[in-house]
Each structure stands twice: as C-alpha cells, then as structure tokens.
Amino acid sequence: MQETIQINGYELVYKKPSTLTEKPFHYCPGCGHSVVHRVLMEVIEEMGIQERTIGVAPVGCSVFAYDYMDIDMQEAAHGRATAVATGIKRIHPDKFVFSYQGDGDLAAIGTAETIHAVNRGENILMIFINNAIYGMTGGQMAPTTLLEQVTSTTPYGRKHEAMGYPLKITDLLANLPGAYFVTRQAVHSVNAVRKLKKAIEKSFEYQKLNRGTSFIEVVSNCPSGWKMTPVESNKWLEENMFPMYPLGDIKLPKEK
Amino acid sequence: MEQKTNGKREARLMKGNEALAEAAIRADIDAYFGYPITPQSEILEYFTAEMPKRHGIVLQAESEVAAINMVYGAAGAGGRVMTSSSSPGISLMQEGISYIASAQLPCLIVNVNRGGPGLGTIQPSQGDYFQATKGGGHGDYHLIVLAPASVQEMADFVFDAIRLAEKYRTPAMILADGALGQMMEKVVLPEEGSLPKPEKPWATVGKPAYRKRNIITSLFIEPEKMEGINFQLQDKYTAMQEEVRYEEIALDDAEIALVAFGLSARVCQKAVDIAREKGIRVGLLRPITLYPFPKKAISSLADKVNFLLVVEMNAGQMVEDVELAVNGKKPVYFKGRMGGMIPTPEEVVDRLESLIEKLSISEV
Amino acid sequence: MIKGTVIIERDICKGCELCIVACPQESLGLSNNINLHGYRYAELIKDNCTGCVNCAIVCPDVAITVYRQPKAALKKAI
C-alpha cells in the first residue's frame with residue numbers, strides 16, 4: 001500500500017474503498033445514490049469478490065454507476081436491468097450479479113421484468129433506490145410518489161383518483177416464492193448505512209449459496225427534486241417516507 | 001427420426017423452424033431466450049425439448065422485450081446467444097436491438113415474418129424488409145440480414161449469421177417467413193462443433209486485477225464521443241459490403257431479370273421455368289444478404305437486361321433498393337402480394353407478359 | 001477520550017452538511033471559503049474529534065478519511 005497509514009502517529013480507520021474509481025461522483029449534494037454505491041463497493045472489496053462481480057447499471061441519475069464502480073458492468077435500457085442481469089447470470093452462474101435501479105425504472109416501466117426475475121428466483125441481488133421521484137428527468141411523479149406529494153407532473157399533489165396510489169412493490173415481491181431475502185433499508189443516518197451494508201453482505205452470501213433473489217429497497221432522498229437542502233430532505237424522508245415505506249426486513253430466509 | 005449415414009452428414013426431413021433450432025444447437029449457442037408467437041413457436045419448443053438433454057441454456061422470457069434484453073446481457077457477458085420471434089414480437093424487440101447494435105454485441109435474431117401491419121395474420125409475409133434492413137429501431141445502425149429460401153438454408157444460415165455477427169461484433173438477423181418456418185423439406189444438417197468460438201476480451205466476465213473494467217454500454221453522452229461511435233459503426237457497415245451474397249439463375253442470356261428474395265425467389269424460380277418454356281428469356285437474381293445489399297450485381301445486371309421486375313410479399317420494399325441500384329438505367333417494375341398472400345408463378349408470368357406487351361407497344 | 005482526526009478533501013466536498021449533523025462531537029462546520037466547484041466545504045472546527053467514523057459513513061462523496069490514535073498510544077497516555 002502506498003497509502004500513508006499514519007498521520008501524526010494516528011492510524012487510518014476509514015478510507016475510500018479501492019473498488020471505487022478515482023472519479024468524483026456527479027450526484028447532487030447530499031444524494032443517497034453515492035452512499036449506496038460506496039457501501040456496495042465496500043462490501044465487494046471486503047468480501048474479495050471484485051473479480052467475480054458483474055453489475056447492471058440503470059437509466060436515471062445512476063446511469064453512470066459504471067464510472068464509479070471498478071468492476072465489469074453493463075448498462076441496461078430503462079426498466080430492463082433485471083432481464084439483462086438474468087442474461088448475464090445464466091451465462092455466468094458462478095459469478096456475483098447485481099442490478100441497480102430506481103423507482104421509475106424498477107416499479108413503472110420495468111414492472112414485468114422485475115416481477116418475473118424475482119418469480120424465477122434469479123440468483124441475483126436487486127438493489128432498488130426509492131426516492132419517490134424521477135430525479136434525472138427533472139422530478140416527475142414516480143410510482144412510489146406519496147399521495148399529495150408535489151412533483152413536476154403532480155403540481156397540485158398526487159391524487160389517487162387520477163394517479164393511483166404509491167406502489168409498494170417490495171411488499172408485493174416478498175410474496176413471490178422466488179424471493180429469498182427482501183428488506184427495506186435507508187442511508188439517511190449512520191445506523192441506517194451500517195444496516196444496509198449488512199443487508200448487502202447477506203445478499204451476496206445467499207447468492208454464493210444459490211438461494212434465489214435478494215431484494216433490497218433503499219428509501220432514499222432527492223434533495224434537488226424535492227427542492228430541499230440535504231439535511232431537510234433526510235428529515236422529510238423520516239417524517240413522510242417511512243410511514244409509507246417502513247424500514248426493516250420484509251422476508252427473511254426460513255432456514256438458519 | 002435421425003438417419004445416420006455411416007459417418008457422413010445426416011439428412012433429415014424437418015420443419016424449417018426445427019432445422020434452424022437444431023442448427024443453432026450444433027452451432028454451440030450458449031443460450032436462447034424467446035417468447036412464443038406464431039409462426040415460430042417451434043423454435044422455442046425445440047430448444048426447450050433438446051437443450052436440457054444436450055447443452056446450452058433455454059429460457060422462456062416474460063415478453064419479447066425481456067427476451068432481447070436477456071440476449072443483450074448474455075451477449076455482453078461473452079455468450080453465443082440468440083432469440084427468435086415473428087413480426088409483432090420483433091417490433092417489441094427493436095429498442096433492445098438498437099442498444100445491442102450500439103453496444104456492438106454479436107447475437108442472432110430470427111424473424112419468421114408474418115403478415116401485418118398490426119396483429120395482422122399468421123400467414124407468411126415479407127413485410128418486415130424495411131424494418132430488418134434499415135435498422136428497425138432508433139438511430140443509425142444496420143443488422144446483417146440473411147434471407148433463406150429453403151429449409152436447408154434455414155439451417156445453414158444459422159452458422160453464417162453467427163460467424164458474421166462475431167466477426168463484426170454486430171447483431172445479425174435471419175429474415176425468414178411463415179412458410180419457410182412451417183414447411184418440411186430434406187435438410188443436411190451442419191456438423192456439430194464446426195463453428196469455433198472467438199475470444200471476447202471485451203465481455204463482462206468479472207474484472208481481473210490486470211485489466212481495466214469492461215463496460216457494455218450504448219450511452220455516450222458527449223456528442224463528440226457519440227459521433228465517434230457512429231463513425232465506428234459506419235466503418236463497420238462499409239467493411240461488411242464484402243460479405244454480399246446473391247444467387248443468379250438463368251441470367252446468362254436473360255433479357256429480363258426478376259429480383260426476389262426468400263420465398264418469393266422460389267416462386268420466381270418456377271416462374272422463370274414457365275416463362276422460358278414460352279420463349280421469354282428471363283432470369284432471376286436472388287439477394288441472399290439483404291444487408292449488405294447486392295447493389296453492384298444489380299447495377300451491372302441493369303446494363304444487360306431490358307427491364308427488371310421485383311417480386312415481393314409486401315407492398316414494395318426491396319424494390320426501392322433495386323431502384324437505387326439500377327439508378328434509372330432501366331425500368332424497374334414491381335409485383336407484390338400482401339397480408340399473408342403468396343404470389344403464384346403464373347401470376348408472375350402474367351405480369352411479365354403484360355409488361356412485354358406494354359413495352360413493345362410504347363416502343364412502337 | 002480517544003483522539004482522532006479527519007482529512008476532508010476540500011474540492012470533493014459539496015457542502016451537503018450531512019457529516020456535520022452526524023458528528024456526535026460537533027467537531028465539524030462549514031467553511032466560509034468556497035472550493036473549486038463553488039461549494040462551501042466541511043472542515044474541522046474543534047479539536048475534539050474521536051475518529052468515530054460517523055461523518056465518513058454518511059458522506060455521499062467519500063470525501064472524508066478518518067484517523068485515530070492507536071489503542072497502544074492511548075494506554076500510554078493513561
């Protein structure tokens with residue numbers, strides 16, 4: 001390691017994982033995306049599986065995930081990440097494969113691919129970032145947008161009469177037999193980030209054992225889309241998102 | 001069912017769709033992803049029956065949209081992969097095909113063309129010529145397109161299409177039609193394991209420490225980069241022109257040329273026989289590669305003959321490419337049937353006779 | 001008390017303030033200066049960092065590296 005381990009006699013206790021590239025994140029200040037990227041890459045570094053992991057990047061703000069994650073990756077069309085991940089996993093059943101998608105991607109345009117990948121019990125990790133908004137295209141309504149939430153396409157708030165209800169796709173997926181591990185996490189606090197990391201670790205362990213689909217929803221923020229400061233956005237998230245999308249494990253493996 | 005002839009290549013009586021699927025297994029494909037649609041469901045059925053006993057992965061996807069994206073993923077991961085469908089299903093796949101072309105991944109897509117537009121009919125058609133040869137989805141790209149005219153070619157072209165797809169890192173299409181898919185003929189199957197697999201150092205297989213990460217993408221947000229990719233693609237399409245294939249039948253002394261592909265070419269072959277019995281000196285040029293298109297061959301043909309008649313099972317699609325190749329040197333006429341109707345050889349000969357009559361009148 | 005310190009990459013920080021909220025010691029604050037990209041950046045404002053890593057865990061830009069007094073040194077101090 002050429003890294004200076006010590007400074008003033010102090011030892012290094014935290015640094016950027018080597019599985020992230022040098023490129024600074026392009027995300028808005030306070031965005032949860034890059035926290036999830038980093039935690040995911042920390043797990044891949046710590047488990048020593050960088051050489052055996054293939055990721056699928058989505059369409060949306062994290063479309064350039066492969067600029068940051070120093071692993072082999074494929075970019076998928078909007079909604080199709082789990083179909084692409086299926087193709088990869090079927091060719092390389094011994095490799096670790098994950099998909100990474102936002103709410104519009106996974107729960108609107110890609111609903112069919114999402115449900116069927118889980119229903120087949122594809123032995124992959126699906127990471128689902130739910131920030132209740134289409135961030136990339138400028139803050140439009142997502143399937144997970146809360147009732148009365150104002151977005152650029154619900155300027156008077158989301159009304160269920162015309163636009164339906166927030167879609168709790170994670171709960172829906174947990175009912176499918178192919179789903180092995182389903183959990184809802186967040187990145188708004190130190191504890192939340194630590195729990196997310198545990199969940200990702202477990203998911204890759206299950207994948208190693210060929211157990212089926214691991215599905216992690218991350219309730220995240222979009223300070224720019226929500227038109228808040230990052231600190232305000234995390235507070236809003238706790239007060240408004242968590243009642244609809246409560247954190248915790250939704251489906252745990254039955255066996256020990 | 002199998003007829004082995006002591007060590008020699010075996011001949012079988014097979015449906016076009018089944019011959020194609022059997023050839024694909026013999027071409028050592030790693031995976032097939034598909035979705036049922038008439039008139040090509042036998043391809044998926046054949047794989048689901050055979051692959052578990054032999055080798056390769058078969059997966060019935062939840063839609064054609066998912067199937068083509070599985071192909072994208074598996075091809076990006078270095079697999080030799082294919083899908084098949086029929087016209088409405090191929091329309092659904094267009095987004096994925098555009099991504100595959102841009103990301104420069106080799107794969108085989110089979111379209112057993114049926115009559116359209118819309119849900120149309122399950123009867124044979126050549127109405128997807130434009131879609132197949134002009135790109136089909138968004139952006140500037142082409143597929144290599146091979147058009148079989150027999151069950152034998154349904155099998156043989158699987159090898160040719162995969163070889164070309166891998167050579168140029170591009171999606172290749174076999175454009176057949178419902179009749180070729182359903183008809184039974186004798187076929188001598190290609191030998192198993194005779195198609196070597198090339199190295200794919202660009203594939204996503206997991207990044208070893210010694211190399212940079214491999215990224216499969218079609219997103220190049222800086223316009224300079226995206227134009228660069230486009231130049232790369234166009235250079236590839238220019239290089240592909242040397243792969244042009246066509247068949248010439250009775251053209252040596254021909255005064256009139258028929259131009260037709262696939263099933264229409266079979267009809268025209270019969271029409272040539274009938275017409276020649278009547279003393280009409282007509283021959284046939286059959287494009288085998290629809291992209292790249294045999295422009296030069298048709299251009300020089302136009303120097304020899306008095307006129308050309310293009311016969312298609314559509315409202316006139318390839319005729320536009322023939323007209324471009326002929327470039328006004330000689331008249332180009334069109335005879336087409338649509339919506340699942342197949343022209344008869346007699347219809348073609350009638351058209352020839354009426355054209356000859358009309359032209360000799362106008363010459364006087 | 002364990003002593004620690006952080007090094008914040010000034011031009012990577014986007015001034016989101018999540019580290020400031022996460023720090024139990026209130027050691028961090030926003031600088032009045034701006035960085036290369038025009039953000040006010042986070043910096044140590046007190047000498048009471050314990051190297052607990054909380055700031056680095058919530059930092060979306062992985063701008064923070066954390067160091068801590070070795071346990072051996074701690075024993076010596078006591």
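Chains are numbered independently. Their residues run from 1 in the order of the written sequence. Whichever chain is written first is A, and whichever ligand is written first is 1; the rest continue in order. Only residues with pLDDT of at least 70 are given local features in this predicted model, and only at 80 or more are side-chain atom pairs given and counted; all residues enter the totals for whole chains, interfaces and linings. To obtain the side-chain values, all non-hydrogen atoms of the structure were included, while hydrogens and water were left out.

Engineer: How would you summarise the domain arrangement of chain B if you had to cite specific residues and measurements?
Structural biologist: All names here are of chain B. Source of the domain bounds: an automatic or database domain assignment. Domain boundaries assigned for chain B yield domain 1 (11-242) and domain 2 (245-363). Here the C-alpha centroids of domain 1 and domain 2 sit 29 Å apart. Between domain 1 and domain 2, the residue contacts involve 34 residues of the former and 26 residues of the latter. Once two parts are joined, some of their accessible surface, as seen by a 1.4 Å probe, is lost; buried area is that loss totalled over both. Both sides together, the interface formed by domain 1 and domain 2 hides about 2,400 Å², and carbon and sulfur atoms give 54% of it. In this analysis, two residues are considered to be in contact whenever any of their non-hydrogen atoms come within 4.5 Å of each other.

Engineer: So what about the arrangement of the chains? Which residues, and what values?
Structural biologist: By number of contacts, the leading pair among the two pairs of chains in contact is chains A and B. Here chain B and chain C are not in contact; the least distance found between their C-alpha atoms is 21 Å.

Engineer: An account of the interface of chain A and chain B is needed here, citing residue identities and associated values.
Structural biologist: Taken together, the contact pairs 34 residues of chain A with 35 residues of chain B. Summing both sides of the interface, chain A and chain B together bury roughly 2,700 Å²; the carbon and sulfur share of this comes to 59%. Sorting the residues of chain A by area buried against chain B places D72, Q74 and I91 of chain A first, and these three jointly supply 22% of that buried surface. Salt bridges are counted wherever a side-chain nitrogen of Lys or Arg sits within 4 Å of a carboxyl oxygen of Asp or Glu. Put simply, chain A and chain B have four salt bridges between them. Between R211 of chain B and D72 of chain A there is a salt bridge, and its shortest N-O distance comes to 2.8 Å. Any N or O atom pair separated by 3.5 Å or less is treated as a polar contact, with the protein-specific requirement of one donor-capable and one acceptor-capable atom, and with residues adjacent in sequence counted only for side-chain atom pairs. At the junction of chain A and chain B, the tally comes to 18 residue pairs in polar contact (both at pLDDT 80 or more). Elements that contribute at least two residues to the side of chain A that touches chain B include exactly β3 (53-57), α2 (65-68), β4 (72-75), α3 (81-91) and α5 (111-119) of chain A. A run of H or I in DSSP counts as a helix once it spans at least four residues, and a run of E counts as a strand once it spans at least two, with each numbered from the N terminus. Among the elements that take part in the side of chain A that touches chain B, α3 of chain A stands out by supplying seven residues, more than any other. All amino acids are sorted into three groups, where Ala, Val, Leu, Ile, Met, Phe, Trp, Tyr, Cys and Pro are nonpolar, Asp, Glu, Lys and Arg are charged, and the leftover types, Gly among them, are polar. In terms of residue class, the side of chain A that touches chain B is made up of 14 nonpolar, nine polar and 11 charged. Strand pairing requires that DSSP identify at least two bridges connecting the strands. With two bridges connecting them, β4 of chain A and strand β9 (residues 215-216) of chain B associate as parallel partners.

Engineer: If you had to explain helix α10 (residues 230-244) of chain A to someone new, which residues and values would you point to?
Structural biologist: With 15 residues, α10 of chain A extends 20 Å between its outermost C-alpha atoms, agreeing within 8% with the 21 Å of an ideal straight helix rising 1.5 Å per residue. To obtain the bend at a residue, axes are fitted to the seven residues ending there and to the seven starting there, and the angle between these axes is taken. Approximately 35° is the largest bend angle found in α10 of chain A, and it occurs at L237 of chain A. Here α10 of chain A has its buried residues at P230, S233, N234, L237, M241 and F242 of chain A. Of the surrounding elements, those touching the buried residues of α10 of chain A are β6 (125-130), β9 (179-186), β10 (213-219) and α9 (223-226) of chain A together with α1 (18-22) of chain C. Each helix should span, by expectation, one fewer than its residue count multiplied by 1.5 Å. Burial classification: accessible surface area is computed with a 1.4 Å probe over protein chains only, and a residue below 20% of its type maximum counts as buried, one above 50% as exposed, and the rest as partly exposed.

Engineer: Which residues make up unusual backbone geometry, and what are the values?
Structural biologist: Omega for the peptide link from G116 of chain B to P117 of chain B comes to 0°, which places this bond in the cis form. Within the secondary structure, P117 of chain B sits in the loop between β5 (107-113) and α5 (129-133). A cis geometry characterises the amide bond from Y291 of chain B onward to P292 of chain B, with omega recorded as 0°. In this fold, P292 of chain B is placed in the loop between β13 (289-291) and α10 (295-304). Phi is positive for E148 of chain A, close to 70°, though the residue is something other than glycine.

Engineer: Got a sec to walk through the packing of aromatic side chains? Specific residues and values, please.
Structural biologist: Residue and element names in this part refer to chain A. A pair of aromatic rings is counted whenever rings of Phe, Tyr or Trp (Trp by its six-membered ring) have centres within 6.5 Å, and the orientation is called stacked for planes under 30 degrees apart, edge-to-face for over 60 and tilted otherwise. Under the defined criterion, the tally for this structure stands at 14 aromatic pairs over all chains. A ring pair is formed by F25 and Y27, whose centres lie 6.0 Å apart and whose planes are at 35°; its orientation type is tilted. Owing to a relative accessible area of 7%, F25 belongs among the buried residues under this scheme. Aromatic pair W226 and W236: ring centres 4.6 Å apart, planes at 55°, arrangement tilted.

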